[in-house]
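Residues per chain, in single letters:
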Amino acid sequence: MTTSLPITIDAREPVLARRTLLKGAAAVAATGVTITAAGAASVAPLGQTGAPTIATAPLPLGPLPGSRYPDAHLESAKKGPPSFGPSGFPAFAGTMAVERVATGFRWAEGPVYFAAGRYLLFSDIPNNRIMRFSEDDGHLSVYRQPSMNSNGNTIDREGRLITCEHSGRRVTRTELDGSITVIADKFNGKRLNSPNDAVVTADGAIWFTDPAYGIGGFYEGIKAEPEQEKKNVYRVDPKSGEVKVVVDDFVEPNGLAISPDEKKLYICDTGFTDGPDNPSHIRVFDLDVAAGKVSNSKVFAEMPKPSITDGVRCDTEGRVWCSVGWGDPNEDGVRCYTSSGELLGKIHIPETVANLCFGGQQRNRLYICGSTSLYAVYTSVQGAMKP
C-alpha cells in the first residue's frame, strides 16, 4: 500500500516546523519500500503508439484530382448504351465524385457509422487510436488513444461500439456510459490470436474473426506466439457469453458481413499473405442465426492475386461491396458484386483499401478506409446497416 504524505499545518508553529518534517520523512521512508517493490514488476506498453510524422503538406481533401461528371473513378463491369454514368453500376448517384474527406493516418481500418451522432469511427492501427470523423462539418478528432491497436469496429443493436483489439487480443464493448466490457479474450483457456473484425446478428450474438496479423510484430500489436492451434471464426452467445468456434478451416479469416435477411454470412480469407498458394477470396455460408451455426461453404468471389480483400459490407438489395488492395494499383479500391457473385463494377481509389461501411443520413454514402486517408462516395443504393 502506498502511504500518502500528510501536509499538517499547526497554527502554533511554522509550516515547515521540525515536527512536520519528521512526520513527512517517516512517510517517505515507508513509501520508498513500496516504490522499490512496485518497480520490480514491469508491464508491457499497450501496443505501439505512433510517433508523429515529419510535417509535410497533407494530401488534398475534396474530389480526387481529375474528377469530372461522370467520375472516371467509377468503372462498370457491364457495357451498355451511352448513359450519364457507368451503366448498371449502383455506385453512380448522379452529380457526385469520389472524395478524400480526411487524411494523415498510417493505416486506416475498421469503419463504423453512428447514425444518431452523424459520425464515423475508424481505427488507425499503428498509431494505436480510434478516430472520429463528423460528417456534418468534417471535423476530425481522436476518439480513443491508446486503443489497444484496435482493428475492426461495429455497432450492436443497442448502439454500443464493438471493437476488435490487436494488442489486447480481445473483443470489447464500449457501454453507453463509456465503460469497457471484455466480450472475449480466451477460448479453451488460451488467449485469442488477434481479433480482426466483427458483426452482430439480430439476436445479439457477436461473430468475429481471429487471424494472427496482430501478433506477427510490434507495429500493429505486440509480437507473440499464437496459443490457438487454428485461426478461427467465433460466435459469442448473447445470453451465456460462451465463445464457440463456428468455422475452423480458414488460413487467415479477415473481414466479414451478414446479408440483410441474415441468411448468409460472408467471410474474407486473406491467406495469400502467408503464401502464394493460399486463398485470396470471399467465402459465403448459409447462416442459421437461431442455431448459431453456418453451413454449405462455397467461394463467393476470387480476388485477382496478388490483391486481397479484407473488408466487406452488403446493401439492402443483397449486393456485396468489398475492399481490394496490396496488388495491382489499378485494382486498388472497392468492388461490387450481385448476391450471386457477378461483378458489377469497381471504385478506383489511389491507395490500398482495407475496409468500408455505409453511412450518411440516408445510408447511401460509402465510407472507404484507404491506407493513409478516409474516402467517401455517394451511391444509388442504401447500405443494409447490419452491424
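In this text the structure is predicted, and so the values were computed from the model without any measurement.

Let us now look at the overall build of the chain. Within the chain, the regular secondary structure consists of one helix and 28 strands. Considering only contacts within the chain whose residues lie at least 6 apart along the sequence, 50% involve residues at least 24 apart. As displayed, the chain offers around 17900 Å² of accessible surface, 55% of which is attributable to carbon and sulfur atoms.

The residue Arg169 is located in the loop between β9 (161-165) and β10 (170-174) in this model. Along the sequence, Arg169 and Ser194 sit 25 residues apart, while their C-alpha atoms lie 4.6 Å from each other. Each residue touching Arg169, except ones within four places of it in the same chain, is listed here: Ala184, Asp185, Arg191, Leu192, Asn193, Pro195, Ile215, Ala224, Glu225, Pro226 and Glu227.

Glancing now at the sheet that holds strand β20 (residues 281-288). Pairing in this open sheet of four strands is antiparallel, and the strands run β18-β19-β20-β21 from one edge to the other. The two strands at the open ends of the sheet, each matched to only one other strand, are β18 (253-258) and β21 (293-302). Between one strand axis and the next, the sheet turns through 25° on average, direction left out of account. Across six bridges, strand β19 (residues 264-269) lies against β20 in antiparallel orientation.

This part is about the pattern of salt bridges. Going through the model one piece at a time under the given rule, you end up with 21 salt bridges. Across the pair Arg170 and Glu165 runs a salt bridge whose closest N-O atoms are separated by 2.4 Å. Judged by relative accessible area, which is 2%, Glu165 ranks as buried. In this structure, the salt-bridge partner of Arg335 is Glu331, at a minimum N-O distance of 3.1 Å. A network of salt bridges, in which partner residues are shared, links Asp156, Glu158, Arg160, Arg173 and Glu175.

For Arg365, the position within the fold is in strand β27 (residues 365-370). For the pair Arg365 and Gly383, spaced 18 residues apart in sequence, the C-alpha separation works out to 8.1 Å. If near-sequence neighbours (up to four positions away) are discounted, Arg365 is found in contact with Glu99, Val101, Glu135, Cys357, Phe358, Gly359, Gly360, Ala376, Val377 and Tyr378. In terms of polar contacts, Arg365 uses its side chain to reach the side chain of Glu99, at 3.5 Å. In this structure the side chain of Arg365 is engaged in a polar contact, spanning 3.4 Å, whose partner is the side chain of Tyr367.

All right, on to the confidence of the model for the chain then. Per-residue confidence for the chain gives a mean pLDDT of 88; residues scoring 70 or more make up 88%. Taken together, the stretch residues 1-39 has pLDDT below 50 and engages in 18 contacts with residues farther than four places along the chain or on a different chain.

Turning to its location among the elements, Ser280 is positioned in the loop between β19 and β20. Within the local environment of Ser280, its side chain forms a polar contact with the backbone oxygen of Ser307, the two atoms lying 2.7 Å apart. Dropping the residues within four chain positions of it, Ser280 is found in contact with Asp269, Phe272, Glu302, Met303, Lys305, Ser307 and Ile308.

In space, the four strands of this open sheet follow the order β14-β15-β16-β17, with antiparallel pairing throughout. The open sheet is flanked by β14 (198-200) and β17 (243-247), the only strands paired with a single partner. Within this sheet the neighbouring strands show an average axis-to-axis angle of 25°, counted without direction. The pairing of β14 with strand β15 (residues 206-209) spans three bridges and is antiparallel. Considered in β15, the bridge of Ala198 is made with Phe208.

With 21 residues, the main nonpolar core has Leu74, Phe89, Val98, Trp321, Ile347, Leu366 and Ile368 as its most contacted residues. Discounting residues that sit within four places of it in the chain, Leu366 has contacts with Trp321, Val334, Ile347, Leu356, Cys357, Phe358, Tyr375, Ala376, Val377 and Thr379. Counting residues in hydrophobic clusters, the runner-up holds 15 residues, among them Val233, Val246, Phe250 and Ile267.

Counting buried positions along β9 gives five out of five residues, so the element sits mostly inside the fold. Burial of the side chains of β9 extends over both faces: Leu161, Thr163 and Glu165 are buried on one face and Ile162 and Cys164 on the other. In terms of strand pairing, strand β8 (residues 150-155) meets β9 through four bridges, oriented antiparallel. Note that in β9 the partner of Ser150 across the bridge is Glu165. Adjacent in sequence and paired antiparallel, β8 and β9 are bridged by five residues, among which Gly159 carries a positive phi angle near 80°. In this sheet, β10 lies alongside β9 in antiparallel orientation, the contact comprising five bridges. Residue pairing for β10: Leu161 is matched across the bridge by Thr174.

With that out of the way, let us pick up the packing of aromatic side chains. Summed over the entire model, instances satisfying the criterion amount to twelve aromatic pairs. Considering the side-chain rings of Phe114 and Tyr119, the 5.2 Å spacing of their centres and the 15° angle between planes classify their relative orientation as stacked. Their ring planes at 90° and their centres at 5.7 Å tell us that Trp321 and Phe358 sit as a pair that is edge-to-face. Note that Trp321 is positioned in strand β23 (residues 320-324) and Phe358 in strand β26 (residues 355-359), a separation of 37 residues in sequence.

Quick look at the side chain of Arg129 now. Relative to the assigned elements, Arg129 resides in strand β6 (residues 129-134). A relative accessible area of 15% places Arg129 in the buried class. Each residue touching Arg129, except ones within four places of it in the same chain, is listed here: Gly104, Phe105, Phe122, Ser123, Asp124, Val142, Arg144, Gln145, Ser147 and Ser150.

Rules used in this analysis
Residues numbered from 1 in each chain as written. Predicted model: local features only at pLDDT ≥ 70, side-chain atom pairs only at ≥ 80, totals over all residues. Heavy atoms only, no water. Helix = DSSP H or I, 4+ residues; strand = E, 2+ residues; numbered from the N terminus. Contact = heavy atoms within 4.5 Å. Areas by Shrake-Rupley, 256 points an atom, 1.4 Å probe, with all protein chains shown as cover. Pairing = 2+ DSSP bridges. Axes fitted to C-alpha atoms, helices over the stretch in contact; angles between N-to-C directions. Salt bridge = Lys/Arg side-chain N within 4 Å of Asp/Glu carboxyl O. Buried < 20%, exposed > 50% of the residue type's maximum accessible area, 1.4 Å probe, protein only. Polar contact = N/O pair within 3.5 Å; in protein donor to acceptor, adjacent residues only side chain to side chain. pLDDT = per-residue confidence, 0-100. Core = buried A, V, L, I, M, F, W, Y, C linked by side-chain atoms within 4.5 Å. Phe/Tyr/Trp six-rings, centres within 6.5 Å; stacked < 30°, edge-to-face > 60°.

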